[in-house]
Each structure stands twice: as C-alpha cells, then as structure tokens.
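Fold and contact review
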Amino acid sequence: MRAALLAATASVILLAPAPVAAAGAPAGPTVRCPRVPAPAMSRPPRPTPPPAVPEQRVVGGAALDTAGLVVPADAAAPPGITATSWLVADLDSGQVLGGCGPHEYGTPASVQKLLLAATMLPRLDPKETVTVTADDMNIEPGSSAVGLVEGGRYTIETIWLGLLLNSGNEAANALARLGSGGTDASDGVRAMNEQAHRLGALQTHAVTPSGLDGKGQFTSAYDLALIARACFAQPAFRTYALTKQTAIPAQPAQRTKGFQIQNENQLIFKYPGALGGKTGFTDLARHTYVGAAERSGRRLVVTLLGAEPAPKRGWEQGAALLDWGFTLPRDASVGRLVEPGELTATPSAAPSALAVPIGPRPAAASGPARTGSGWLWSVVAVSGAGVLVLLGGLLWRRRARLP
C-alpha cells in the first residue's frame, strides 16, 4: 500500500497558495501560480462569491481542488499570465492537462454567451427569419451590441453570428427569448442554468444571457471548459466560431443600411490551427477568454478568468497556454471533464466517484447516454505529506455523449 501511495503521489503536482476553508486542509506546498505583473488600474471591487461547496470543488478530480497550480509531474512550467484562474483540457478525451484555481469562482462577462449557445443552438432553426423586439434591445447603454434594430427581420443564423463575432448583447436577448419560447430573455436564462447543471457546471449561475454583470452571476475555469466542449460538439458552432466576417443585412422598413462585422477573436486570425472561441470583458470581470485549437490531430481548449490586457491580451494569454498544453504528452492528466448528465444521473455518488479519468470520447459525438464499465479512483489523504492522491479501483462509470 505504501508503494502504491508513493507512485500515485508522483503522478500529479498540486501546488496551492493557501488552503480553501470550505475544501479542507492545504493539499501541498505553498507555490503560487505563475503570474506576470499587470499595470495598476482603477477597477470596481470584485463581487463576493458564494461559499465554496467541497463536493463541487472535486468535480473532475481531487487534484483540481486547489486555489493554486496543478500540473502533471515533470511538466514544464506553464507561462506566467495575469489571469486569476485558468484551465487547459483536451476537447476529445476530456483530460484536464493543468490549471490554476480551476474551481475558483469568477465573473464570466461575455464568455457567458457560450452557455447560451450550448443551450439554444439545438433548439433553433438557423434559416428561420425572426423579428427583433423592444425587449431584445433592452441592454446596458454603451455595452457591446452588433447593431440589430427593433422591428428588424433577421435569420437566426445572422443573430448567432452577431452574438459570436461581435458579442452583441441584443443578439443574446433575442436568442434567449426565441430559444425558450418566452416573451423576454428571462425564460432563456432559466434554461441556461438548467443546461449548466446538466453539463456538470455546478459552479455556474447565469443572471443575464449576455454576460452583462448581474448579482450572483459566477462561473469557474473548469465549468467554462465543460460549456465550451458542449459548444464545440455542435457543427453550427464550429462554423460560426471560425467565421471571420459576415454581413448584417439592411432593414428598409427601419431605414437602416447593411454593414459588415468582423470576428473579435484574434486567435482565428493569428494562431495556426485555431478553432475559435469567445472573448469577454466587463469592469467587474476584467478580461475573460475561451479558445480552442488543433495541432497534429489533437484539439485543446483553454479557459481563463480575471485577466488584464497588459502585457498580453486575453487571447494572447490563451494562446500561450495552448502552446504549453501542446507540449505535454497525450496521456498527461490531472483530472477530467465530466460528461453531460453524469452528475445528475448519479445523485447519490460520492465526490470521489466524479473525479476519475475515463477513456477518450469524440467531442463532436451526439446521442443518448450509455452505461458501461470502467475505472473509478477514490481519494486518499496522505498524512504528513499533506497531498491528495488518486488510487485506482475497479468499479463502474457512466459514459455519456454530448448533445
């Protein structure tokens, strides 16, 4: 048993700057995430997150329960960035390659629109033409808008492009309303929260469909990876995310001319193999980012929260983490992304039952959940060393496929 413990301990480096009170004792030596200094700037105080829930902090693996850095043993040091939390994962296998505070609460800003896409893309016909309402146009003055007009007639596809290329908040309201069948966006937000729960994004709570700040609106780098994986499983999303520019049509009845918009995500213009993603910013959230890329048949996704734009912008910080991720072996792992429906399908499962790596599954797959046998790891506390490790045990797992 002693030899097994030592072998398991060597597989993951877990570095935490401070214990998380709700999650128990510190898991390892105090080594902070690599950070670079950002210019001092005036900003509002960060919102107070809800209390940490221990069971939620071990979703995907016990090693992910840290406010600090977790990387595979012998991995090169990840790049220093300004983001307060981040995660890199394999889109296909679901293996988590590393992270910094992966289960720390953060404010999403416009990467929240990915949850909207994961929820509403399967519900809406992209070729249908719809009318924008006054409620759709009810957005914060000066906030991001693509330029839709009240009473304008647009295809659903055009509205999706306005959402994902130019982060249109009025587009978010329209899609939340249309996808939920409600009279405004509120029913859509409820559907988004239900979808987050189904995906296993238990630390995510949406208040607005667009990511405009709202009281109690939070997510985590881990949850964003789950949400991004669900998005990239959908062919329409992959097409929209790589669209470099498109036209918003004229609206003669409203006396508005047509115009061109360009994708704001610079990753698709400047990073070889880019698959797309989403940018975000509010004064409270600071810069947030989700991006994905493919190299040598391997698809990785990066998520980050709470970044500053200098010395590198959000997408550049994401690109640096993708570069780091691609240097790691294909079997490198510190945890995994849980499957859609897995947590809701096993409500009585202990937290350790949610923490185990499972075999690869194509992120683009779709269909109903299936059950199979597999490996389950249980959590073992190593006294004296203070390190949480994973032990293998032959139990069961539930395999599911993305919607």
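Here the structure is a predicted model, which is why all the values come from computation and not from measurement. (Residues numbered from 1 in each chain as written. Predicted model: local features only at pLDDT ≥ 70, side-chain atom pairs only at ≥ 80, totals over all residues. Heavy atoms only, no water.)

So, about the layout of surface pockets. One number sums up the size of the largest pocket: a volume of about 530 Å³. Lining the largest pocket are 30 residues, and of these Thr 279, Gly 280, Phe 281, Thr 282 and His 287 sit closest to its centre. Breaking the lining of the largest pocket down by element, the ones donating at least two residues are strand 9 (274-282), strand 10 (286-295) and helix 10 (314-327). Examining the composition of the lining of the largest pocket, we find that five residues originate from one element, strand 9, more than from any other. A breakdown of the residues in the lining of the largest pocket according to their chemical character gives eight nonpolar, 15 polar and seven charged. What the second largest pocket holds in volume is close to 380 Å³. Considering the residues around the second largest pocket, the lining is formed by 21 residues, among which Arg 46, Pro 49, Glu 104, Tyr 105 and Gly 106 are closest to the centre. Residues belonging to the lining of the second largest pocket are distributed by class as follows: 11 nonpolar, seven polar and three charged. (1 Å grid on protein atoms, 1.4 Å probe; cavity = no way out; pocket = protein on both sides within 12 Å on 5 of 7 lines; lining within 4 Å. Points joined across faces, edges and corners; volume = space filled by probe spheres on them. Helix = DSSP H or I, 4+ residues; strand = E, 2+ residues; numbered from the N terminus. Nonpolar A, V, L, I, M, F, W, Y, C, P; charged D, E, K, R; others polar.)

Moving on to helix 10. If you check helix 10, its first and last C-alpha atoms are 21 Å apart, about what 14 residues at 1.5 Å a residue would give, namely 20 Å. When helix 10 is considered as a whole, its buried residues turn out to be Gly 314, Trp 315, Gln 317, Gly 318, Ala 319, Ala 320, Leu 321, Leu 322, Trp 324, Gly 325 and Phe 326. (Expected span 1.5 Å × (residues − 1). Buried < 20%, exposed > 50% of the residue type's maximum accessible area, 1.4 Å probe, protein only.)

For the rest of this paragraph, the subject is the confidence of the model for the chain. Averaged over every residue, the pLDDT of the chain is 83; the share at 70 or more is 77%. In the predicted structure, residues 1-11 sits below a pLDDT of 50 and forms 14 contacts with residues beyond four places in sequence or in another chain. Between residues 355-403, whose pLDDT stays under 50, and residues either more than four places distant or in other chains, the model counts 126 contacts. (pLDDT = per-residue confidence, 0-100. Contact = heavy atoms within 4.5 Å.)

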